[in-house]
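Letter by letter, the chains look like this.
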Amino acid sequence: MPLIELKTMKQNILTPAVLLLVLLASTARADRVDDYVRAIMAERHIPGAAVAVMQNNKVVKMQGYGLASLEHNVPVTNDTVFEIGSVSKQMTAAAIMLLVEDGKVALDEKISAYLPDTPESWRDVTVRHLLTHSSGIKSYSSLDGFALLRRLKVADFIQQLSPHPLEFTPGERSSYSNSGFNLLAFIIESRSGKPYMEFMRERIFRPLGMTKTGDRDPEYIIANRASGYEWRGTRYAGRNWDLTDLMGAGSIVSTIGDMVKWNTGLSSDTFLKPTSKAELWKQFTFNDGKQSTYGFGWRISEIRTHKLTGHTGQTAGFTAANYRYPDHGLAVIVLTNTGETGNGGIIAGRIAKFYVPAMSLTAMKPIRDADPLRSQSVLKALIARLANSPDATLMTPQLIEAVSTTRAKTINQRIAASGPAKILTLVGEEMVDGKTTLLYRADAGKRLFLWRIAFDGSGRISQMMLEEEE
């Protein structure tokens, strides 16, 4: 209880015992996670966020921060409703697996068996291809004609998408496709005989007690719905009203409390069979035998040998992340009401490191630097980039163009505000498509950054990607 409130009580006396209780409560609240979340929210202009941490299926932290509505000064609570964006995909994938268990869907069946009038070019696309972003069907996110206001039915959606050729042979590689997960939602409707969201409520949300999870459609009045925002450099702006119809790809809203229930359900054997969950979290194998980083609605990766099964989400005005670290029985969930790309994942990943320090950038060991002059050039190029004055003698024209956009300049300024890179350490070297890629850890005093650097044939830097920060 804040001190200012204590002074209004009838006793009007702040006894040592009461003071001790206040201080203890304050200490309990102001832990490292709280400090970090509040700092990153201020740095990245995030109005509100909700965070949950689970260890061995028990909640060890669940808290709201900041404001759900700037207009009405409403704080975020555990019941605040956020859009979760593409985190919805893992729920759509689970719905498909329920239908597989029911014997109504087969993973390796052609989607033409379940959907009407699919084009001939889709003849070899299977349900598994849709689930793993390996279908080759173009993602409609960059196309016109898929606005939420149109609320396309299955036949109209397929007709709108059909003229676009496949981007590659099904199963050949992966390319992130919202189209695939909308088609999965239509398969759910086709095979269950129910609207997508009705099936989700009946088979997933209600059984797991997710009573505040549902459809983001703005036409619905949803209690405790957060407002979405974008940061415009010097001010907040309300999120764009011209929304895309995301359906099975990202149309779900939820609360941090319900997301805890979702993760609890995934950890039990009463919601999905173990064999079904094994499919969700199994990396897809491409036609050439190589493995994808995707399972069914989940990205499968490692952070310094520690397995991460998770997904992020972004819609206009919102970001989210649901990260599970199975080796440690750890799950971190983050919901925010700002649309800046990556916010949810950045926060979730950093929080996880408080619980598993071995994943920290500080745990990365330096490797032998066979070319110190090259590393000096990387440092020089990095300093120039963060000053928004890219060096044409060190960087390719394409990279200079990429780091000179308005958004890139804003990111550069944010990173530069952490201070100059005092130490640049080579911590990794990889071969990607026959080319050397280097990983450098930059120590800026209070912050650490991991940069992925690649070079063209002439030795100029062709890639300078911020991979991680803490």
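In what follows, the structure referred to is the one given above.
The rules behind these values
Residues numbered from 1 in each chain as written. Predicted model: local features only at pLDDT ≥ 70, side-chain atom pairs only at ≥ 80, totals over all residues. Heavy atoms only, no water. Helix = DSSP H or I, 4+ residues; strand = E, 2+ residues; numbered from the N terminus. Buried < 20%, exposed > 50% of the residue type's maximum accessible area, 1.4 Å probe, protein only. Contact = heavy atoms within 4.5 Å. Areas by Shrake-Rupley, 256 points an atom, 1.4 Å probe, with all protein chains shown as cover. Lys, Arg positive; Asp, Glu negative; His and termini not counted. Charge placed at Lys NZ, Arg CZ, Asp CG, Glu CD. Arc of directions from axis to C-beta. Salt bridge = Lys/Arg side-chain N within 4 Å of Asp/Glu carboxyl O. Phe/Tyr/Trp six-rings, centres within 6.5 Å; stacked < 30°, edge-to-face > 60°. Core = buried A, V, L, I, M, F, W, Y, C linked by side-chain atoms within 4.5 Å. Axes fitted to C-alpha atoms, helices over the stretch in contact; angles between N-to-C directions. Parallel < 35°, antiparallel > 145°, perpendicular 65-115°, else oblique. Nonpolar A, V, L, I, M, F, W, Y, C, P; charged D, E, K, R; others polar. Pairing = 2+ DSSP bridges. Left-handed = near helix turned anticlockwise from the far one by under 90°.

(A) Inspection of the overall build of the chain at higher detail. Scanning the chain for helices and strands turns up 14 helices and 16 strands. Here the chain, with 470 residues, has 49% of them falling under the buried criterion. For the chain, long-range pairs separated by at least 24 residues make up 62% of all intrachain contacts whose partners lie at least 6 apart in sequence. Accessible area for the chain stands at about 21,900 Å²; split by element, carbon and sulfur atoms hold 53% of it. For the chain, the centre of its 55 positive side-chain charges and the centre of its 48 negative side-chain charges are spaced 5 Å apart.

(B) Here's a closer look at the environment of Leu 335. Note on placement: Leu 335 falls in strand β12 (residues 330-336). Separated by 80 residues in the primary sequence, Leu 335 and Thr 255 place their C-alpha atoms 8.1 Å from one another. Once residues within four sequence positions are removed from consideration, Leu 335 is found in contact with Gly 48, Ala 49, Ala 50, Phe 82, Ile 84, Ser 254, Thr 255, Ile 256, Met 259, Thr 319 and Ala 320.

(C) Focus on helix α8 (residues 196-205). Those residues of α8 that fall on the buried side of the exposure criterion are Tyr 196, Met 197, Phe 199, Met 200, Ile 204 and Phe 205. Down the axis of α8, the smallest arc covering the buried residues is 155°, so these residues share one side. Where the residues of α8 are buried, they touch α4 (88-101), α7 (178-192), β5 (214-215), β8 (252-254) and α9 (256-266).

(D) View of the pattern of salt bridges. Applying the stated criterion across every chain, the model contains 25 salt bridges. A salt bridge links Lys 138 to Glu 167; its shortest N-O distance comes to 3.5 Å. With Lys 138 in the loop between α5 (127-131) and α6 (154-161) and Glu 167 in the loop between α6 and α7, this pair connects stretches of sequence that are 29 residues apart. Under the relative-accessibility criterion, Lys 138 is labelled partly exposed at 24%. Here Glu 167 falls in the partly exposed class, since its relative accessible area comes to 38%. Among the charged side chains, a salt-bridge network with shared partners connects Glu 43, Arg 44, Arg 414, Arg 447 and Glu 469.

(E) How the structure looks around the packing of aromatic side chains. In total, this model carries eleven aromatic pairs according to the counting rule given. Judged by centre distance (5.5 Å) and plane angle (85°), the rings of Tyr 140 and Phe 157 are edge-to-face. Of the two residues, Tyr 140 sits in the loop between α5 and α6 while Phe 157 sits in helix α6, which places them 17 residues apart along the sequence. Tyr 140 sits in the buried class, given a relative accessible area of 0%.

(F) Expanded view of the nonpolar core. Core analysis: the largest hydrophobic core is formed by 70 residues, its most contacted members being Val 127, Ile 187, Ile 204 and Trp 262. Those residues in contact with Trp 262 that lie beyond four places of it in its chain are Gln 90, Met 91, Ala 94, Ile 204, Leu 208, Met 210, Phe 271, Trp 298 and Asn 322. Core analysis: the second largest hydrophobic core is formed by 24 residues, Leu 308, Val 332, Ala 352 and Met 359 among them.

(G) Just the environment of Leu 450, in detail. By the secondary structure assignment, Leu 450 is in strand β15 (residues 448-455). Given the relative accessible area of 2%, Leu 450 is considered buried. Expressed as a C-alpha distance, the spacing of Leu 450 and Leu 426, which sit 24 residues apart in the sequence, is 9.8 Å.

(H) Structural detail: the packing of α4 against α8. Between α4 and α8, the least distance of the axes is 10 Å, while the angle of their chain directions is 75°. Viewed along their axes, α4 and α8 adopt a mutual orientation that is roughly perpendicular. Contacts from Met 91, Thr 92, Ala 94, Ala 95, Leu 98 and Leu 99 of α4 reach α8 at Tyr 196, Phe 199, Met 200, Arg 203, Ile 204 and Phe 205. Residues belonging to the contact of α4 with α8 are distributed by class as follows: ten nonpolar, one polar and one charged.

(I) Region of the structure containing the pairing of β15. The buried fraction of β15 amounts to eight of the eight residues, a majority that puts the element mostly inside the structure. By the alternation rule, side chains of β15 split into Leu 448, Leu 450, Arg 452 and Ala 454 and Phe 449, Trp 451, Ile 453 and Phe 455, which are all buried. In terms of strand pairing, strand β14 (residues 435-443) meets β15 through seven bridges, oriented antiparallel. Its bridge partner being in β15, Tyr 440 is matched across the sheet by Trp 451. The turn linking β14 back onto β15 is made up of four residues, and Gly 445 within it adopts a positive phi angle of 90°. Where β15 lies against strand β16 (residues 461-469), seven bridges are found, and the strand directions are antiparallel. If you follow Phe 449 over to β16, its bridge partner there is Glu 469. In textbook terms, the turn of a hairpin is the stretch between consecutive antiparallel strands, and for β15 and β16 this stretch comprises five residues, one of which, Gly 459, has a positive phi near 95°.

(J) A look at the packing of helix α3 (residues 32-44) against helix α11 (residues 343-355). Following both chains from N to C, one finds α3 and α11 inclined at 155°, their axes separated by 10 Å at the closest point. Here α3 is positioned roughly antiparallel relative to α11, judged by the angle of their axes. Like other packed secondary-structure pairs, α3 and α11 cross with a definite hand, here right-handed. Contact residues: α3 offers Arg 32, Val 33, Tyr 36, Val 37, Ile 40 and Arg 44, while α11 offers Asn 343, Ile 346, Ile 347, Arg 350, Ile 351, Phe 354 and Tyr 355. In terms of residue class, the contact of α3 with α11 is built from nine nonpolar, one polar and three charged.

(K) Structural view of the sheet that holds β5. With antiparallel pairing, three strands are arranged side by side in an open sheet as β4-β8-β5. Two strands lie at the open edges of the sheet, namely β4 (82-83) and β5, each paired on one side alone. Across two bridges, the pairing between β4 and β8 is antiparallel. When the sheet's bridge partners are listed, Phe 82 is paired in β8 with Ser 254.

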